[in-house]
Amino acid sequence: MMLKVFDNKEEISATAAQLFIDIAQKAVSERGRFTVALTGGTSPDALYTLLSSPAFKDKVDWAHTFIFWGDERWVPLTDDKSNAKMAHRTLLSNVPIPESQIFYMWADGKSPEEFAQEYEQQVRQVLGDALSFDLVLLGMGGEGHTASLFPYEPVLKEKDKLVYAYFLASQDMFRVTLTAPLINKAQNIVVMLLGESKAAALHEVLEGEHNPELYPAQLLNPENGKLLWLVDQAAAKDLKGNYNS
Ligand SMILES: O=C(O)[C@H](O)[C@@H](O)[C@H](O)[C@H](O)COP(=O)(O)O
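- The name that an unreviewed UniProt entry assigns to the chain is 6-phosphogluconolactonase, with the source organism given as Mucilaginibacter terrae.
- UniProt's Pathway (unreviewed entry) comment on the chain is quoted here verbatim: "Carbohydrate degradation; pentose phosphate pathway; D-ribulose 5-phosphate from D-glucose 6-phosphate (oxidative stage): step 2/3."
- According to the UniProt record, the Catalytic activity (unreviewed entry) comment for the chain is "6-phospho-D-glucono-1,5-lactone + H2O = 6-phospho-D-gluconate + H(+)".

## Let's talk about the sheet that holds strand β3 (residues 65-69)
Link 1 in the chain: Strand order in the open sheet formed by six strands is β1-β9-β8-β5-β2-β3, and the pairing between neighbours is parallel. What marks the edges here is a single partner per strand, and that holds for β1 (2-6) and β3. Recorded for the sheet is a direction-independent mean angle of 15° between the axes of neighbouring strands.
Link 2 in the chain: Here strand β5 (residues 135-138) runs beside strand β8 (residues 188-193); their pairing, made up of three bridges, is parallel. For Leu-137, the partnering residue across the bridge sits in β8 and is Val-190.
Link 3 in the chain: Contacts from helix α7 (residues 199-207) reach β1, β8 and β9 (226-232), with the element oriented near 155° to β9.

## Structural notes on the environment of Val-60
Link 1 in the chain: Here Val-60 is to be found in the loop between α3 (54-57) and β3.
Link 2 in the chain: Spatially, the C-alpha atom of Val-60 lies 20 Å from that of Gly-70, the residues being 10 residues apart in sequence.
Link 3 in the chain: What Val-60 contacts, discounting residues up to four positions off in sequence, is Phe-20, Ile-21, Ala-24 and Thr-65.

## Let's talk about the pairing of β9
Link 1 in the chain: In terms of burial, β9 is a largely internal element, six of the seven residues being buried.
Link 2 in the chain: In the sheet, β1 pairs with β9 via five bridges, with the strands oriented parallel. Its bridge partner being in β9, Phe-6 is matched across the sheet by Asp-232.
Link 3 in the chain: As paired strands, β8 and β9 are joined by six bridges and run parallel to one another. Paired with Leu-193 across the two strands is Val-231, which belongs to β9.
Link 4 in the chain: The β-α-β motif built from β8, the intervening α7 and the parallel element β9 has right-handed crossover chirality.

## Let's talk about the sheet that holds strand β6 (residues 163-168)
Link 1 in the chain: Read across the sheet, three strands follow the order β4-β7-β6 without closing on themselves; strand pairing throughout is antiparallel. Both edges of this open sheet fall to β4 (71-73) and β6, since each of them pairs with a single strand only. The average undirected angle you get between the axes of adjacent strands in this sheet is 20°.
Link 2 in the chain: Alignment of β6 against strand β7 (residues 173-178), held across six bridges, turns out to be antiparallel. Directly across from Tyr-164, in β7, lies its bridge partner Thr-177.

## Considerations on the environment of His-64
Link 1 in the chain: Its place among the elements puts His-64 in the loop between α3 and β3.
Link 2 in the chain: When the C-alpha atoms of His-64 and Leu-194 are compared, they prove to be 31 Å apart, with 130 residues separating the residues in sequence.
Link 3 in the chain: Other than its neighbours up to four places away in sequence, His-64 contacts Val-28, Gly-32, Arg-33, Phe-34 and Gln-101.

## Re the UniProt feature "domain: Glucosamine/galactosamine-6-phosphate isomerase" (unreviewed entry) in the chain
Link 1 in the chain: Per the UniProt annotation, the sites labelled "domain: Glucosamine/galactosamine-6-phosphate isomerase" (unreviewed entry) are residues 8-229.
Link 2 in the chain: Taken end to end, residues 8-229 comprises 32% helix and 18% strand; its first and last C-alpha atoms sit 14 Å apart.

The rules we used
Residues numbered from 1 in each chain as written. Predicted model: local features only at pLDDT ≥ 70, side-chain atom pairs only at ≥ 80, totals over all residues. Heavy atoms only, no water. UniProt positions renumbered as here; feature names shortened; annotations may be inferred. Pairing = 2+ DSSP bridges. Helix = DSSP H or I, 4+ residues; strand = E, 2+ residues; numbered from the N terminus. Axes fitted to C-alpha atoms, helices over the stretch in contact; angles between N-to-C directions. Contact = heavy atoms within 4.5 Å. Buried < 20%, exposed > 50% of the residue type's maximum accessible area, 1.4 Å probe, protein only. Right-handed = clockwise from strand over helix to strand, strands pointing away.

Right under this line is the structure:
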């Protein structure tokens, strides 16, 4: 695990954009394609905008890029609550990626559970036996959830399914999420988080007792890949360890 602390969102976004490009270029040169799971929330919008800007856009081989999501709210893509809507507006509508290589976590007229099974098949088809994303981008909520791995939900104990759908009663909506076992097969997991509201949870996740039921982000533990936290000073303020050395 590595953690880097930055002064502001611009610096986090610029670092994440360069990482995205480096990982994409390495994946395409070694395996002929780049597979990435995007994240929602407000943390990645500047990253997505940067990636689609003239300075960065041509550095990613979009024709060989496959886009998935770490999690999604079960709402139509036009709904403001859709994680994909923001990614589409800031990134995907501005880069030359084939529509067939964008795997939205939503389909009309299906149950979320049925959809999750189909999404798992698509993940298996694209990732092959290794089931390893080149990059999984994530955020973290102020109570320690990541993707749609929310505290005390049965999804936290899922060992077999790669993609899981369930009704999140506290938010009165269905969620679809990659499970921890799949996320942990990734080559690179990058978690971006900003703001004081994340500070207590970040401290507990990284330095508190192991209790992933309460702090699901503790489930992030890549099998062979790397885990990198990109955080701002406010989110890092309760950390005791020295991570920047
Ligand atoms: O699906 C969701 O409810 C959100 O996408 C959520 O998981 C978000 O990613 C984190 O809470 C971090 O949010 P911020 O990036 O806005 O801090």
